Amino acid sequence: MSAEDTVSDAAGAISADRFVEISYDDIIPNNVALGADKQLQRALETWRPNYLGWWNSMGPLGYQTSDVYLRTAVGVDPAGWAKFAYVKMPSYRWGILLAPKVEGRTIPFGRHKGEPAWQEVPGEHRALLRRLIVVQGDTEPASVEQQRFLGATAPSLYDMRNLFQVNVEEGRHLWAMVYLLVKYFGKDGREEAQALLERQSGQMDNPRILGAFNERTPDWLSFFMFTFFTDRDGKMQLAALAESGFDPLSRTCRFMLTEEAHHMFVGETGVQRTIEATCAAMAKAGIRDPGDVEAVRKLDVVDLPLLQRKANFHASVTRDLFGSEISSNAAEAFGSGIKGRFNEANLKGDDHVLTDATYAVTRVVDGKLVVEQAPALRALNARLLDDFIVDCQGGIDRWNKSIEKAGIDFKLTQPHKGFNRRIGEFGGKRISPAGEVLTEDEWKAKSGDWLPNDADMQFIASLMKPCHETGKYASWIAPPRVGVNSQPGDFEYVKIA
Ligand code: BYC
């Protein structure tokens, strides 16, 4: 079945009113009336073969001719926007989808608060806006590159399918940012769109813009931690951009957030299932002490202290993505109405301009952690980071419930904000997960207990044996409670060609 057939099947199955939202007749599915904007259409159709070239050379290695049970967006309303069908990844209908326009929307914050939202780029904020769109866009292909090799070691067809779903949707998120660049930023935008395909994760000469997107994702535990922590940075940043006074950016990010939720689900349940497999294996072998690492590892499952070290690493690297806690860039992005706070429009209790407001920021002063009131406008990255940490905790609490239910005395925690940071207030400082400021020697002596060490990574690598048999799972991960789109346990999520 061709991708076109898949999509027309999808169209047949949905109500007519929803179908008219997205045009699948065009080469590029869209709900932005692309057919009526010939210049934009030409620019995107010129970029498309370059994108496909990038996908084929930097996207998932192998499995490109396999049929994968993927969801494709067939509407932009929250209820029933997705259609599931077998699709070969290169035939995925990457489209341009914006959340519906809210008539009469006004800019919810900053100096322009209360003015009508911009439908065109405000000239005085053009450079800042372009920079933020480029940074956002750069992370999307970066994550696909980071996850390129994972298909070969998938612990099940279910997980393989989830990986590919995440990958094609990150590809679509790249399309989303490229649409904004090409439509609103003329020649500069077209050049930036091309550069997004040229930078490469981890490449020395032309790396991806933000640190965490140049780290390796060498195994599935890293993938699940990445989708739990780093995709959640995506959620926070997209939510902040969804508040933007530049309405096309706001609408684009609002729809991207619906896809992001699934990526975090993959991460949270991936770690959850890892915990379940560990606890079940420990119970069966009569091991009660989670610190008996040698005995636990013999069962081919991941010991809980190692999960804590992995969480410490991914949490800290992701926190760097929020930029410096105190930032004039962030103040300018807010003041100019380009990037708001998390949940800005619904925040009660301040004026959304923040000229005189303050915010509590933790800093290191004379070797001690102190909490100081900083101007709220300059502390917006600190605030978004705090919101992120709160958001992470919900998932971590659910992980801990599983451990508790199994009767094992162990609790996963988030490290202190300052732990293992490279950017911002804590950059280059040595701080323990419990929040003690350390000397370099103390750090060197202990950091192997807090971050994954070589032996940990070798052990994880030894577990990464593919399990590609329908309905079967690798030793270290439990089956999901529910199948994708409620499919049965023996469903063939990927028909490996
Ligand atoms: N690595 O004032 P500063 C996602 C740069 S994830 C390297 O401290 P600012 C996804 C910064 O660019 C979400 N460089 O911070 C997840 C600036 O450089 P320039 C991605 C860094 O600017 C999973 C300089 O340091 N989206 O979607 O307030 C899978 C001083 O900056 C880093 C966004 O991030 C770093 N970690 O904030 C797929 C939203 N941190 O400009 C996707 C858009 C800072 O002086 N981006 N720098 O050359 C932003 O809002 C901001 O650019 C940042 C930085 C929050 C990233």
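Residues numbered from 1 in each chain as written. Predicted model: local features only at pLDDT ≥ 70, side-chain atom pairs only at ≥ 80, totals over all residues. Heavy atoms only, no water.

Peer 1: What exactly am I supposed to notice about the overall build of the protein here?
Peer 2: Tallying secondary structure elements over the protein gives 14 helices and 5 strands in all. A compact globule built from 497 residues should have a C-alpha radius of gyration of about 23 Å, and the protein, at 23 Å, falls within 12% of that. If you line up the protein on its principal axes, its C-alpha atoms span 65 × 60 × 45 Å. Considering the protein as a whole, with its 497 residues, one finds that 56% of them fall into the buried category. Contacts spanning at least 24 positions in sequence make up 72% of the contacts within the protein whose residues lie at least 6 apart. Carbon and sulfur atoms form 51% of the exposed surface of the protein, whose accessible area is close to 20500 Å². (Helix = DSSP H or I, 4+ residues; strand = E, 2+ residues; numbered from the N terminus. Rg over C-alpha atoms; globule rule 2.2 N^0.38 Å. Buried < 20%, exposed > 50% of the residue type's maximum accessible area, 1.4 Å probe, protein only. Contact = heavy atoms within 4.5 Å. Areas by Shrake-Rupley, 256 points an atom, 1.4 Å probe, with all protein chains shown as cover.)

Peer 1: I would appreciate a short explanation of the site of the ligand in the present structure.
Peer 2: Around the ligand there are 29 residues in total, and Gln136, Ser324, Ser327, Lys339 and Asn381 lie nearest to it. A distance of 3.0 Å separates a nitrogen atom of the ligand from a polar backbone atom of Asp320. Asn329 is positioned with one of its side-chain polar atoms (N or O) 2.9 Å from an oxygen atom of the ligand. Protein contact buries 81% of the 1000 Å² of open area that the ligand shows by itself. At the level of secondary structure, the elements contributing two or more residues to the shell around the ligand comprise α4 (126-146), α7 (220-242) and α11 (328-335). With 7 residues, the top contributor of residues to the shell around the ligand is α4. Residue composition of the shell around the ligand, by class: 10 nonpolar, 12 polar and 7 charged. (Near = heavy atom within 4 Å. Polar contact = N/O pair within 3.5 Å; in protein donor to acceptor, adjacent residues only side chain to side chain. Nonpolar A, V, L, I, M, F, W, Y, C, P; charged D, E, K, R; others polar.)

Peer 1: How should I be thinking about empty space enclosed by the protein in this particular structure?
Peer 2: One water molecule sets the probe size; rolling that probe over the atoms shows where empty space is left. All told, the structure shown has 4 cavities of 30 Å³ or more when counted by the stated rule. Volume-wise, the largest cavity comes out at about 70 Å³. Around the largest cavity sit Gln146, Ala212, Glu215, Arg216, Thr217, Phe226, Thr230, Phe313, His314, Val317 and Thr318, which together line it. Those elements giving two or more residues to the lining of the largest cavity turn out to be α7 and α10 (304-319). At 4 residues, the largest contribution of residues to the lining of the largest cavity is made by α10. Considered class by class, the residues forming the lining of the largest cavity number 4 nonpolar, 5 polar and 2 charged. (1 Å grid on protein atoms, 1.4 Å probe; cavity = no way out; pocket = protein on both sides within 12 Å on 5 of 7 lines; lining within 4 Å. Points joined across faces, edges and corners; volume = space filled by probe spheres on them.)

Peer 1: Can you walk me through the sheet that holds strand β1 (residues 67-73) in this structure?
Peer 2: Working definition: the strands of a sheet are paired by backbone hydrogen bonds and lie parallel or antiparallel to each other. Read from one edge to the other, the open sheet built from 3 strands follows the order β2-β1-β5, with strand pairing classed as antiparallel. At either end of the open sheet lies a strand with only one pairing partner, and these are β2 (82-88) and β5 (494-495). Here β1 pairs with β2 via 7 bridges, running antiparallel. Bridging from a neighbouring strand, Ala73 pairs with Ala82 of β2. Set on the sheet, helix α5 (residues 157-184) makes contact with β1, β2 and β5; between it and β1 the angle comes to about 40°. (Pairing = 2+ DSSP bridges. Axes fitted to C-alpha atoms, helices over the stretch in contact; angles between N-to-C directions.)

Peer 1: What exactly am I supposed to notice about the state of the cysteines here?
Peer 2: Defined simply, a disulfide is a covalent bond joining two cysteines at their sulfur atoms. In total, this model carries 0 disulfides according to the counting rule given. Between Cys253, a free cysteine, and Cys392, which holds the nearest cysteine sulfur, the sulfur-to-sulfur gap is 19 Å. Cys253 gets classed as buried once you look at its relative accessible area, which sits at 0%. (Disulfide = S-S within 2.5 Å.)

Peer 1: Before we go on, may I ask you to explain α4 in this structure?
Peer 2: Note: α-helices contain 3.6 residues per turn, so residues at a spacing of three or four share the same orientation. Its 21 residues place the ends of α4 30 Å apart at the C-alpha level, agreeing with the 30 Å of an ideal helix rising 1.5 Å per residue. Counted residue by residue, α4 has 15 buried out of 21 residues, so it is predominantly covered. (Expected span 1.5 Å × (residues − 1).)

Peer 1: In this structure, what is going on with the packing of aromatic side chains? I would like to understand it.
Peer 2: Centre-to-centre distance and the angle between the planes together describe a pair of aromatic rings. One pass over the full model with this rule turns up 30 aromatic pairs. When the centroid spacing of 5.1 Å and the interplanar angle of 85° are considered together, the rings of Tyr184 and Phe246 count as edge-to-face. Of this pair, Tyr184 sits in helix α5 while Phe246 sits in the loop between α7 and α8 (247-285), and the two are 62 residues apart along the sequence. Judged by its relative accessible area of 14%, Tyr184 falls in the buried class. (Phe/Tyr/Trp six-rings, centres within 6.5 Å; stacked < 30°, edge-to-face > 60°.)

Peer 1: So what exactly am I meant to see when it comes to unusual backbone geometry here?
Peer 2: Most peptide bonds take the trans configuration, and most residues that are not glycine carry a negative phi. Phi is positive for Tyr63, close to 65°, though the residue is something other than glycine. With respect to the element layout, Tyr63 can be found in the loop between α3 (38-58) and β1.

Peer 1: Where do I start with the side chain of His314 in this structure?
Peer 2: Along the chain, His314 turns up in helix α10. The exposure class assigned to His314 is buried, which follows from its relative accessible area of 7%. Beyond its immediate sequence surroundings of up to four residues, His314 is in contact with Ser222, Met225, Phe226 and Phe229.

Peer 1: What is the right way to look at the pattern of salt bridges in this model?
Peer 2: Any two side chains of opposite charge can pair if their charged atoms end up close together. By the definition in use, this model includes 31 salt bridges. Salt-bridge contacts for Lys235 lead to Asp391; the nearest nitrogen and oxygen are separated by 3.0 Å. Of this pair, Lys235 sits in helix α7 while Asp391 is found in helix α12 (residues 380-405), placing the two residues 156 residues apart along the sequence. With a shortest N-O distance of 3.5 Å, Glu325 and Arg421 are connected by a salt bridge. Residue Glu325 is located in the loop between α10 and α11, and its partner Arg421 is located in the loop between α12 and α13 (440-450); the two are separated by 96 residues in the primary sequence. Assigned by exposure class, Glu325 and Arg421 land together as buried. (Salt bridge = Lys/Arg side-chain N within 4 Å of Asp/Glu carboxyl O.)

Peer 1: Can you help me understand the packing of α7 against α8 in this one?
Peer 2: The packing of two helices is summarised by the inter-axis angle and the distance between the axes. Across the interface, α7 lies against α8 with an axial gap of 8 Å and an inter-helix angle of 155°. Taken as axis vectors, α7 and α8 run roughly antiparallel relative to one another. You can see that α7 and α8 cross each other, and the crossing is left-handed. Looking at the contact of α7 with α8 residue by residue, the class counts come to 16 nonpolar, 7 polar and 6 charged. (Parallel < 35°, antiparallel > 145°, perpendicular 65-115°, else oblique. Left-handed = near helix turned anticlockwise from the far one by under 90°.)

Peer 1: I tried to follow the pairing of strand β4 (residues 368-375) on my own but got confused; where do I start?
Peer 2: If a strand is regular, its side chains alternate between the two faces of the sheet. Pairing analysis gives 8 bridges linking strand β3 (residues 358-365) to β4, with the strands arranged antiparallel. In the sheet register, Thr362 faces β4, and the bridge partner there is Val371.

Peer 1: When you look at the side chain of Ser432 in this model, what are you seeing that I'm missing?
Peer 2: Here Ser432 shows up in the loop between α12 and α13. For Ser432, a relative accessible area of 0% gives the class buried.

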